[in-house]
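Architecture at a glance
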Amino acid sequence: MLDLGRTQRLPNRAQRRALMARDGGCRFPGCTERRYVEAHHVVHWTNGGPTDLVNLVLLCWAHHRSVHEVGHTLALADGALSVWRPDGTPLEGDAVVIPDGPGVVEQNEALGLKITPESVASKWDGRAVSYADYSDAVEGLLWLEDRHRREVEAVLPR
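For every chain, the first residue of its written sequence is number 1, and the numbers climb from 1 along that sequence. At least 70 in pLDDT is required for a residue's local features to be given in this predicted model, at least 80 for side-chain atom pairs to be given and counted, and no such filter applies to totals for whole chains, interfaces and linings, which use all residues. As a rule here, side-chain values cover all heavy atoms of the structure and leave hydrogens and water aside.

1. Some points on helix H2 (residues 61-70)
The criterion, for reference: Only protein chains enter the area calculation, which uses a 1.4 Å probe; residues under 20% of their type maximum are buried, those over 50% are exposed, and those in between are partly exposed. Numbering of helices and strands starts at the N terminus; helices are DSSP runs of H or I of at least 4 residues and strands are runs of E of at least 2. We call two residues in contact when some of their heavy atoms are within 4.5 Å.
Within H2, the full set of buried residues consists of Ala 62, His 63, His 64, Ser 66 and Val 67. In this fold, the buried residues of H2 make contact with strand S1 (37-41), strand S2 (56-60) and strand S3 (73-77). Looking one or two residues beyond H2, the residue adopting positive phi is Gly 71, at roughly 110 degrees.

Structure representation (structure tokens):
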């Protein structure tokens, strides 16, 4: 069943398959994400929007968040998706709006780090992992994250 109306908020399996066939991935302008996508109600469920294919579009998690939290708005008419910025100006072409700052690659390059597939080789010796090991690992990761953030902020222009 591809049109559920207001009987169900979440899309069913058949709708998700149909959306993937129709949309092929995130429909936000310029986005090429094809795997990690979610169905989004163009007219939100709480505003009376039905769970029908004509009211659903696939968005990646980042652009789904952008619609709900940043304020981008969408309209879907005859399969064509229109997107507006929070200030009301249309977003067209291949513009991608995710203002989260530099990517991981740029941060690593700024710090002079060369990351290769061998960089993540495990040094695990096969012993069982204890709670204390996890606690130490999390504490260490938080310390590294804070240190890395400070180093990146010192290198990158504001």
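So much for the structure itself; the text now carries on.
2. Structural notes on the sheet that holds strand S4 (residues 80-84)
As a reminder of what qualifies: Two strands form a pair only when DSSP identifies at least two bridges running between them.
Taken in spatial order, the 3 strands line up as S3-S4-S5 in an open sheet, and their pairing is antiparallel. Strand pairing shows two members of the sheet lacking a second neighbour, S3 and strand S5 (90-91), which therefore form its edges.

3. Some details on the side chain of His 40
What counts is decided by this rule: In the analysis that follows, any N or O atom pair within 3.5 Å is treated as a polar contact, provided that within protein one partner can donate a hydrogen and the other can accept it, and provided that, for residues neighboring in sequence, both atoms belong to side chains.
As for its position among the elements, His 40 is in strand S1. Within the structure, His 40 has its side chain in polar contact with the side chain of His 68 (distance 3.4 Å). The residues contacting His 40, other than those within four sequence positions of it, are Asn 55, Leu 56, Val 57, Leu 59, His 64, Val 67, His 68 and Leu 74.

4. Here's the deal with the pattern of salt bridges
Put simply, the test is: We define a salt bridge as a side-chain nitrogen of Lys or Arg found within 4 Å of a carboxyl oxygen belonging to Asp or Glu.
Evaluated as defined, the whole model comprises 5 salt bridges. Close ionic contact of Asp 23 with Arg 27 constitutes a salt bridge, the shortest N to O distance being 2.8 Å. A salt bridge links Asp 146 to Arg 150; its shortest N-O distance comes to 3.1 Å. Note that Asp 146 and Arg 150 are positioned in helix H4 (residues 131-155) at a spacing of 4 residues, about one turn of the helix. Classification of Arg 150 by relative accessible area gives partly exposed; the value is 42%.

5. Quick notes on the pairing of S2
Most of S2 is tucked away: 5 of the 5 residues are buried. Residue alternation in S2 divides its side chains into two sets, Leu 56, Leu 58 and Cys 60 and Val 57 and Leu 59, and both sets are buried. In this structure, S1 lies alongside S2, joined through 5 bridges in antiparallel fashion. The residue bridging Ala 39 from the neighbouring strand is Leu 58, located in S2.

6. Description of the nonpolar core
Heads up, the rule is: Throughout this description, the term nonpolar core refers to a set of buried Ala, Val, Leu, Ile, Met, Phe, Trp, Tyr and Cys residues connected via side-chain atoms within 4.5 Å.
Ranked by size, the top nonpolar core spans 19 residues in total, and within it Cys 26, Phe 28, Val 57, Leu 59, Leu 74, Leu 81 and Val 83 carry the most contacts. Mapped onto this core, the elements with two or more residues apiece are S2, H2, S3 and S4. Considering each element in turn, this core owes the most residues, 5 residues, to S2. Contacts of Leu 81, omitting those with residues within four sequence positions, involve Arg 27, Phe 28, Val 57, Leu 74, Ala 75 and Leu 76.

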